[in-house]
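A structural walkthrough
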Amino acid sequence: MSVTGWYLFGNTFIGVIKKAIALTLSIQMYYATLQSLLFYKKDLSILTNLPGASKMGFTEDITKLSEQVRKRADQVVGEESTKMALIVPFLSVLGYDVYDPSEVMPEYVADFAIKKAGQFEKVDYALAINNNIVMLVEAKARGQKAEAHDGQLSRYFNGLLTTKVAIVTNGVEYRFFTDLRDKNVMDKEPFFTFNVLEYDTKDIRLIRKW
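Residues numbered from 1 in each chain as written. Predicted model: local features only at pLDDT ≥ 70, side-chain atom pairs only at ≥ 80, totals over all residues. Heavy atoms only, no water.

1. Observations concerning the nonpolar core
In this structure, Phe90, Leu91, Tyr125, Leu127, Phe176, Phe194 and Ile207 are the most contacted members of the largest nonpolar core, which totals 30 residues. Looking at this core, the elements that each hand over two or more residues are helix H2 (58–72), helix H3 (79–93), strand E4 (123–129), strand E5 (132–139), strand E6 (165–169), strand E7 (173–177), strand E8 (192–195) and helix H5 (201–207). Broken down by element, this core gets its largest block of residues, seven residues, from H3. Within the second largest apolar cluster, 18 residues are counted, among which are Tyr108, Ile133, Ala146 and Ala166. (Core = buried A, V, L, I, M, F, W, Y, C linked by side-chain atoms within 4.5 Å. Buried < 20%, exposed > 50% of the residue type's maximum accessible area, 1.4 Å probe, protein only. Helix = DSSP H or I, 4+ residues; strand = E, 2+ residues; numbered from the N terminus.)

Structural data, given as structure tokens:
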């Protein structure tokens, strides 16, 4: 074979090799991408199966909760009934597992609780993430004003350093408190108020963070 022939043969052979390499890389990239997608779908399935998570989406969950509260409110009498019928469903919509006592702790009593009238002060709910209490909830009966009167909520907030948010609620109105003025000292005024019967898209974006 002449030099020219060998040259043409060599170029052709190299071209075939390059195409084979490109094809191999394409196949590898395809499988890598497919694997990533499978893992991604797996992650999504885990997220959508979390307690309190709904496939409908957060906005739809709030809408559904609002409708339930509107229907139930007139039948709810007293603090305990308010907790079970109105407040617990709200905590569930926020994504907390209301059936897990290590995550949603009812009638929580802290180590530093003081006694009043022979009983230790307690908060209605302490909500924990990774065993750290991050939110406190004080419940009022439906029809009462969502206001903290005796200071026990602020004492708990100030004493539990991992707590970032405190809520006072009557099952319809939720008043959110934090420590904007002084660190680890609960503010006297709420930084956000959410009414489950009267809200807008801005309120949804804010409430979704909790």
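Additional details are given in the paragraphs that follow.
2. Focus on the confidence of the model for the protein chain
Taken as a whole, the protein chain shows an average pLDDT of 78; of its residues, 71% reach a score of 70 or greater. pLDDT under 50 marks residues 6–11. Its contacts with residues more than four places away, or in other chains, come to one contact. Here residues 16–55 is a poorly scored stretch, pLDDT under 50, and it has nine contacts once near neighbours within four places are set aside; other chains count. (pLDDT = per-residue confidence, 0-100. Contact = heavy atoms within 4.5 Å.)

3. Some remarks on the pairing of E5
The buried fraction of E5 is high, at six of eight residues. Counted between consecutive antiparallel strands, the loop separating E4 from E5 contains two residues, among which Asn130 sits at a positive phi close to 55°. Where E5 and E6 come together, five bridges link them in parallel fashion. Looking across to E6, one finds that Glu138 is bridged to Val168. (Pairing = 2+ DSSP bridges.)

4. A short note on the side chain of Asp179
With respect to the helices and strands, the residue Asp179 is situated in the loop between E7 and E8. One buried charged side chain, Asp179, makes no salt bridge at all; its nearest oppositely charged neighbour is Lys164, positioned 5.3 Å away. In terms of polar contacts, Asp179 uses its side chain to reach the side chain of Thr178, at 3.2 Å. (Lys, Arg positive; Asp, Glu negative; His and termini not counted. Salt bridge = Lys/Arg side-chain N within 4 Å of Asp/Glu carboxyl O. Polar contact = N/O pair within 3.5 Å; in protein donor to acceptor, adjacent residues only side chain to side chain.)

5. Focus on H3
An ideal rise of 1.5 Å per residue puts 21 Å on 15 residues; H3 measures up with 20 Å between its terminal C-alpha atoms. At Ile87, H3 shows its largest bend, some 35°, and a proline, Pro89, comes one to four positions later. Every buried residue belonging to H3 is among Thr82, Lys83, Ala85, Leu86, Ile87, Val88, Pro89, Phe90, Leu91 and Val93, and all of these are buried. Looking one or two places after H3, you find Gly95, whose phi comes out positive at around 110°. (Expected span 1.5 Å × (residues − 1). Bend = angle between axes of the 7 residues up to and from the residue.)

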